[in-house]
Amino acid sequence: MPATYEPIATQTLGGTATSITFTSIPSTYTDLVVIWTALGNSPYQPGIRFNSDSGTNYSTIELWGDGASAYSANETNATYINAARGAVLSTTTPSLVEFNIFSYAGSSFKTVLSKYAGDYNGSGVVERTSGSWRNTSAITSISLVSANGSQNLNAGTTATLYGIKNF
Amino acid sequence: MAVISIKNKLKSGSLLAGNAYYVPPSFESIATITATGSESTISFTSIPSTYKHLQIRFISKESPSSGTANSYSGMIRLNADSGSNYATHRLYGDGSSVIAEGASSAVGNYWGYMTTYGTGIANIFAAGVIDIHDYSSSTKNKTIRSFCGADANAANTNWKVILSSGLWMNTAAVTSITFNPANSATMGAGSTFSLYGIK
């Protein structure tokens, strides 16, 4: 039985960086999953972009809770899909971010579901988002970015890209 | 020809020394169904009992002029049971409000979301992941978890991100799964449901 869920690539930061990028993604899978364990400077809000597109071609619906209240918001004509509207990264406590990218090599706009978990013993959020990249091209590169592009990810941040194949 | 080492019981894909041993995958594709645009339901049948858990990954859309716009009230049913043997909850955000809903003695569990056709959104599919743990148990009721959503870059409340849970009050092993769109909608062409087994 061919592998159905397999790692494509992993990156671990040895120093600071504003983003992590996976390139030359093969088109042979059905869905992609990114697992991102993130450390970074506030106000780094983890997001995702595709194919080096930094235009306002993204949007996100967001749902999160901060331990006291639940919230929903949206972002339209954005330059990324947001995974953590209600939170920012910590320099010491890793946040867990997961992106599910469906039919990434297909010819429709791309729908992305994200999960975010960050708890800092008195702050943090749990969040789920649904986002869209309004482009019909196959995804060949993925960039993990911040809503505020000038903030840094810290050393020890790790991201792994997985491919899921249906038969 | 595969070879098994007598010394270390490792299995190699060939007689070539140094080959990595074969590790059977624990996440396997069982079946995939892609709608042509006229289906009133999507069903997986004859599901083998050899896995521990099931996962369904889907993209979905309504056919033009069918059902209710951006329907998120479709039902998932197990083993073709359409009786009032389910309970379900969901928590969702629409970009403005957070809504919590539930139903007991329901005729199915909430499963997801289907985008509609319309100006500027013909290319947008809803997407989701549904998990059914311990599906082959013959002693436990079944619990379903769903995470789904869609967004179309609109500053209104028509688009949603949805978390759902569901209970099927039956201890039988799950052998079939049926997705029923709400409001008599039909599955749009290109809607794809992929069933995976997890060992």
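Residues numbered from 1 in each chain as written. Chains lettered and ligands numbered in written order. Predicted model: local features only at pLDDT ≥ 70, side-chain atom pairs only at ≥ 80, totals over all residues. Heavy atoms only, no water.

Regarding the side chain of A:Ser143
Residue and element names in this part refer to chain A. Condition: The numbering of helices and of strands both runs from the N terminus, where a helix is a DSSP run of H or I of at least 4 residues and a strand a run of E of at least 2. Side-chain atoms alone can form a polar contact between residues adjacent in sequence; in general such a contact is a pair of N or O atoms within 3.5 Å, and within protein one must be able to donate a hydrogen while the other accepts it. The contact rule is simple, with two residues in contact once any of their heavy atoms fall within 4.5 Å.
Tracing the chain through its elements places Ser143 in strand S11 (residues 142-146). A polar atom in the side chain of Ser143 sits 3.0 Å from the side chain of Thr21. Among residues more than four places away in sequence, those in contact with Ser143 are Ile20, Thr21, Gly47, Ile48 and Arg49.

As for the pairing of strand S12 (residues 161-168) of chain B
Filter applied, for reference: Should DSSP find at least two bridges between two strands, the strands are regarded as paired.
For strand S7 (residues 86-93) of chain B and S12(B), the ladder comprises 8 bridges, and the chain directions are antiparallel. Each residue of the ladder has a partner; that of B:Leu91, found in S12(B), is B:Leu163.

Observations concerning the pattern of salt bridges
For the record, the criterion: Here, a salt bridge means any side-chain nitrogen of Lys or Arg that lies within 4 Å of a carboxyl oxygen of Asp or Glu. Buried residues are those whose accessible area, probed at 1.4 Å on protein chains only, stays under 20% of the maximum for their type, while exposed residues exceed 50% and partly exposed ones sit between those limits.
The final tally for this structure, using the stated rule, is 9 salt bridges over all chains. The shortest N-O distance in the salt bridge between A:Lys115 and A:Glu98 comes to 3.6 Å. Of the two residues, A:Lys115 sits in strand S9 (residues 110-119) while A:Glu98 sits in strand S8 (residues 95-101), which places them 17 residues apart along the sequence. B:Arg145 is paired through a salt bridge with B:Asp131; the nearest N and O atoms lie 2.9 Å apart. With B:Arg145 in strand S11 (residues 142-149) and B:Asp131 in strand S10 (residues 126-133), this residue pair connects regions lying 14 residues apart in the sequence. Accessibility expressed as a relative area gives 45% for B:Arg145, which makes it partly exposed. Look at B:Asp131 and you get buried, because its relative accessible area is 10%.

Some remarks on the nonpolar core
For clarity, the cut-off: Within this scheme, the nonpolar core is defined by two criteria: the residues are buried Ala, Val, Leu, Ile, Met, Phe, Trp, Tyr or Cys, and they are joined through side-chain atoms within 4.5 Å.
Judged by nonpolar contacts, the single largest core of 48 residues is most densely connected at B:Trp111, B:Ile177, B:Phe179 and B:Phe193. Among the elements that line this core, the one with the most residues is S10(B), at 5 residues. If sequence neighbours within four positions are ignored, B:Trp111 has contacts with B:Phe58, B:Ser60, B:Gly74, B:Met75, B:Ile76, B:Ile130, B:Ser146, B:Cys148, B:Phe179, B:Asn180, B:Met187 and B:Phe193. Counting residues in each nonpolar core, the second largest holds 35 residues, with A:Val34, A:Tyr116, A:Ile142 and A:Ala159 among its members.

Some points on the packing of aromatic side chains
The following threshold applies: Whether two aromatic rings pair depends on their centres lying within 6.5 Å, for rings of Phe, Tyr and Trp, where Trp uses its six-membered ring; planes under 30 degrees apart make the pair stacked, over 60 edge-to-face, and the rest tilted. For a ring to carry a charge above it, either NZ of a lysine or CZ of an arginine must fall within 6 Å of the ring centroid while also lying within 35 degrees of the normal to the ring plane.
Tallied over the full model, the rule gives 15 aromatic pairs over all chains. Measuring from ring centre to ring centre gives 5.5 Å for A:Tyr5 and A:Tyr162, while their planes differ by 65°; the resulting arrangement is edge-to-face. Here A:Tyr5 is found in strand S1 (residues 5-12), whereas its partner A:Tyr162 is found in strand S12 (residues 158-164), with 157 residues between them in sequence. A ring pair is formed by B:Phe27 and B:Tyr196, whose centres lie 4.9 Å apart and whose planes are at 35°; its orientation type is tilted. Note that B:Phe27 is positioned in strand S3 (residues 27-34) and B:Tyr196 in strand S14 (residues 192-198), a separation of 169 residues in sequence. Summarising the burial analysis for this pair, B:Phe27 and B:Tyr196 share the class buried. Taken together through their ring pairs, the aromatic side chains of A:Tyr5, A:Tyr162, B:Phe27 and B:Tyr196 make up a single cluster. A cation sits over an aromatic face here: B:Arg90 above B:Tyr110, 3.8 Å from the ring centre.

Describing the sheet that holds S10(B)
Residues and elements named next belong to chain B. Rules: Lines fitted to C-alpha atoms define the axes here, with helix axes fitted over just the stretch in contact, and angles between the N-to-C directions of these axes take values from 0 to 180 degrees.
If you trace the 8 strands from one edge of the open sheet to the other, you get S3-S14-S5-S10-S11-S12-S7-S8, paired in antiparallel fashion. Strands with a single pairing partner mark the edges of an open sheet, and in this sheet they are S3 and strand S8 (98-106). Within the sheet, the average angular offset between the axes of one strand and its neighbour, ignoring direction, is 15°. Relative to S11, S10 is paired through 6 bridges, and the arrangement is antiparallel. Bridge assignment links Ala127 to a residue of S11, and that residue is Gly149.

A short note on the sheet that holds S11(A)
As a general point, the strands of a sheet are linked pairwise by backbone hydrogen bonds and lie either parallel or antiparallel. All names here are of chain A. Here 4 strands make up an open sheet; going across it, the order is S2-S11-S4-S7 and the pairing antiparallel. Looking at strand neighbours, the two that pair on one side only are strand S2 (20-22) and strand S7 (81-82), the edges of this open sheet. In the sheet, strand S4 (residues 46-50) pairs with S11 via 5 bridges, with the strands oriented antiparallel. Bridge pairing in S11 links Pro46 to Ser146.

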